Amino acid sequence: MDQLLRNPAIAAGLAKVEARIRRLSGSSALPAINAGAGRVVSAGGKRLRPAMTLATSLALGKTPDRRVITAAACVELVHAGSLVHDDLMDGATERRGARTLNAELGDGKALVIGDFMLARAGLAAITHVSRPVAEVLAATVVELAEGQFLETATLFDAARTRESALRSITGKTAALFRAGCLMAAVCAHAPAEDRARMATYGEKFGLIFQVLDDLLDLTATSEQLGKPAGNDLRQGVYSLPLLMSGLDLGELPGRGITDEQVAEVLRRVRASRMTAETIAYCRGLAADAVAALPVIHDREMAGLLYGLPSAYIDHAERLTHLTSVS
């Protein structure tokens, strides 16, 4: 992942994307909305989604122009807006060491600011990129909503299946990675097959990203995560890694789970084969992602995109190992 972000062409593109994000997030006629949106986009994050958008453009032979830069900024703005809504739904008071908008401004104002960010991204896509790109982005926002709804509908559900969890994370996370790659391919006027291949690559990587994030929630320390470990358990999200642990979900405390009970569940799942099973599952997704890539003539970009899924898995595996031996 670091290789991707350090690539000179991508780093230069990300600097332009960052400037574009700030202009879009600060474009409301109301200063208070600009201040709130600005807080969210300035709160950190490695900009992995726009980096993949830029990498796709370069891999397909197109130097990122203003349209690609705007498309990448729109992807990140949608992601940031969705985080505002996630924090609101979870009642979260802190993210990345800073107070959330809902904690700082109240639920109503946070909701409107999240809405503004999603709508502003859509407007920028249709006015400054193209109608096809705007259609991809709009369809993705629909998927985000559906994926989040599916997760909400199965909170504390002991009967949740792997298929249900996979469908939810495909919508709420993988769809946006897919959109970034597809939007870049559309801007590059790539053939239909190459567009489909890049979209599949983005989706498979997005699944890896979310599954490993869910794994770390169960295996990493609170210090490593920057938030309480086992937060999904507290929220009632029975994630794919948890479903791979072999634990009987019917034995979980359910709503009102205490910190002591969370600690006991974490102890049990960490002693199971959950980590090995999850890493193996992600290795399979990585193979699918690499197999989906079209022919890439730029050797450097080919190396980055071919290596990214495995490198990301290796990084997560190292974190889980450090936790297990500490």
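Residues numbered from 1 in each chain as written. Predicted model: local features only at pLDDT ≥ 70, side-chain atom pairs only at ≥ 80, totals over all residues. Heavy atoms only, no water.

Going by what an unreviewed UniProt entry lists, the protein chain is known as Heptaprenyl diphosphate synthase/octaprenyl-diphosphate synthase and is assigned to Nonomuraea rubra. Its UniProt record gives the protein chain the following Cofactor (unreviewed entry) comment, quoted word for word: "Mg(2+)". (UniProt positions renumbered as here; feature names shortened; annotations may be inferred.)

A. Representation of the overall build of the protein chain. Per the secondary structure count, the protein chain includes 16 helices and two strands. Taking 2.2 N^0.38 as the reference for a compact globule, 326 residues should give roughly 20 Å; the C-alpha atoms of the protein chain span a radius of gyration of 19 Å, in line with that estimate. Counting only C-alpha atoms and orienting by the principal axes, one finds that the protein chain spans roughly 55 × 45 × 35 Å. Of all 326 residues assigned to the protein chain, the portion counted as buried reaches 52%. By sequence separation, contacts in the protein chain at least 24 residues apart represent 75% of the contacts at least 6 residues apart. Of the accessible surface of the protein chain, which amounts to about 14,300 Å², a share of 55% is contributed by carbon and sulfur atoms. (Helix = DSSP H or I, 4+ residues; strand = E, 2+ residues; numbered from the N terminus. Rg over C-alpha atoms; globule rule 2.2 N^0.38 Å. Buried < 20%, exposed > 50% of the residue type's maximum accessible area, 1.4 Å probe, protein only. Contact = heavy atoms within 4.5 Å. Areas by Shrake-Rupley, 256 points an atom, 1.4 Å probe, with all protein chains shown as cover.)

B. Seen up close, the packing of aromatic side chains. Summed over the entire model, instances satisfying the criterion amount to five aromatic pairs. Between Phe-156 and Tyr-238, the aromatic rings sit 6.4 Å apart at their centres with planes inclined by 85°, giving edge-to-face as the arrangement. Here Phe-156 is found in the loop between α8 (131-153) and α9 (162-187), whereas its partner Tyr-238 is found in the loop between α12 (231-235) and α13 (240-243), with 82 residues between them in sequence. We classify Phe-156 as buried; its relative accessible area is 19%. Look at Tyr-238 and you get buried, because its relative accessible area is 3%. (Phe/Tyr/Trp six-rings, centres within 6.5 Å; stacked < 30°, edge-to-face > 60°.)

C. Here's a closer look at the pattern of salt bridges. Under the definition given, this model contains 17 salt bridges. Between Arg-283 and Asp-314 there is a salt bridge whose closest N-O contact spans 2.7 Å. Here Arg-283, found in helix α15 (residues 274-292), pairs with Asp-314, found in helix α16 (residues 299-325); they are 31 residues apart in sequence, far enough to count as distant. Under the relative-accessibility criterion, Arg-283 is labelled partly exposed at 30%. Shared partners join several salt bridges into a network, and the residues in it are Glu-18, Arg-22, Arg-47 and Glu-76. (Salt bridge = Lys/Arg side-chain N within 4 Å of Asp/Glu carboxyl O.)

D. Representation of helix α5 (residues 66-90) in the model. Counted at 1.5 Å a residue, the expected span for α5 with its 25 residues is 36 Å, and the 36 Å between its end C-alpha atoms agrees. Burial analysis of α5 places 20 of its 25 residues in the buried class, the great majority of the element. In this structure Asp-65 caps α5, since a side-chain oxygen of it lies 3.1 Å from the backbone nitrogen of Arg-67. Of the residues trailing α5, Gly-91 is marked for its positive phi of about 70°. (Expected span 1.5 Å × (residues − 1). Polar contact = N/O pair within 3.5 Å; in protein donor to acceptor, adjacent residues only side chain to side chain.)

E. Examining unusual backbone geometry more closely. If you check the backbone angles, Arg-47 has positive phi at about 60° while not being a glycine. Structurally, the position occupied by Arg-47 is in the loop between α3 (31-41) and α4 (48-59). Unlike most non-glycine residues, Phe-156 shows phi in positive territory, near 60°.

F. Spotlight on the environment of Ala-12. With respect to the element layout, Ala-12 can be found in helix α2 (residues 8-25). On the basis of relative accessible area, Ala-12 is assigned to the partly exposed category, the value being 43%. It is 40 Å that separates the C-alpha atoms of Ala-12 and Leu-233, two residues lying 221 residues apart in sequence.

G. Expanded view of the packing of helix α7 (residues 107-128) against α8. One can describe the packing of α7 onto α8 by two numbers: an axis separation of 7 Å at closest approach and a directional angle of 160°. Taken as axis vectors, α7 and α8 run roughly antiparallel relative to one another. At the point where α7 passes α8, the crossing takes the right-handed sense. Only Arg-131, Ala-134 and Leu-137 of α8 make contact with α7, whose side of the interface consists of Ala-121, Gly-122, Ala-125 and Ile-126. Class assignment for the residues of the contact of α7 with α8 results in five nonpolar, one polar and one charged. (Axes fitted to C-alpha atoms, helices over the stretch in contact; angles between N-to-C directions. Parallel < 35°, antiparallel > 145°, perpendicular 65-115°, else oblique. Left-handed = near helix turned anticlockwise from the far one by under 90°. Nonpolar A, V, L, I, M, F, W, Y, C, P; charged D, E, K, R; others polar.)

H. Broad picture of α4. Here α4 contains 12 residues, and its C-alpha end-to-end distance of 16 Å stays within 8% of the 16 Å for a straight helix at 1.5 Å per residue. Judged by how many residues are buried, α4 sits mostly within the fold: 12 of 12 residues are covered. For α4, every residue scored as buried is listed here: Leu-48, Arg-49, Pro-50, Ala-51, Met-52, Thr-53, Leu-54, Ala-55, Thr-56, Ser-57, Leu-58 and Ala-59.

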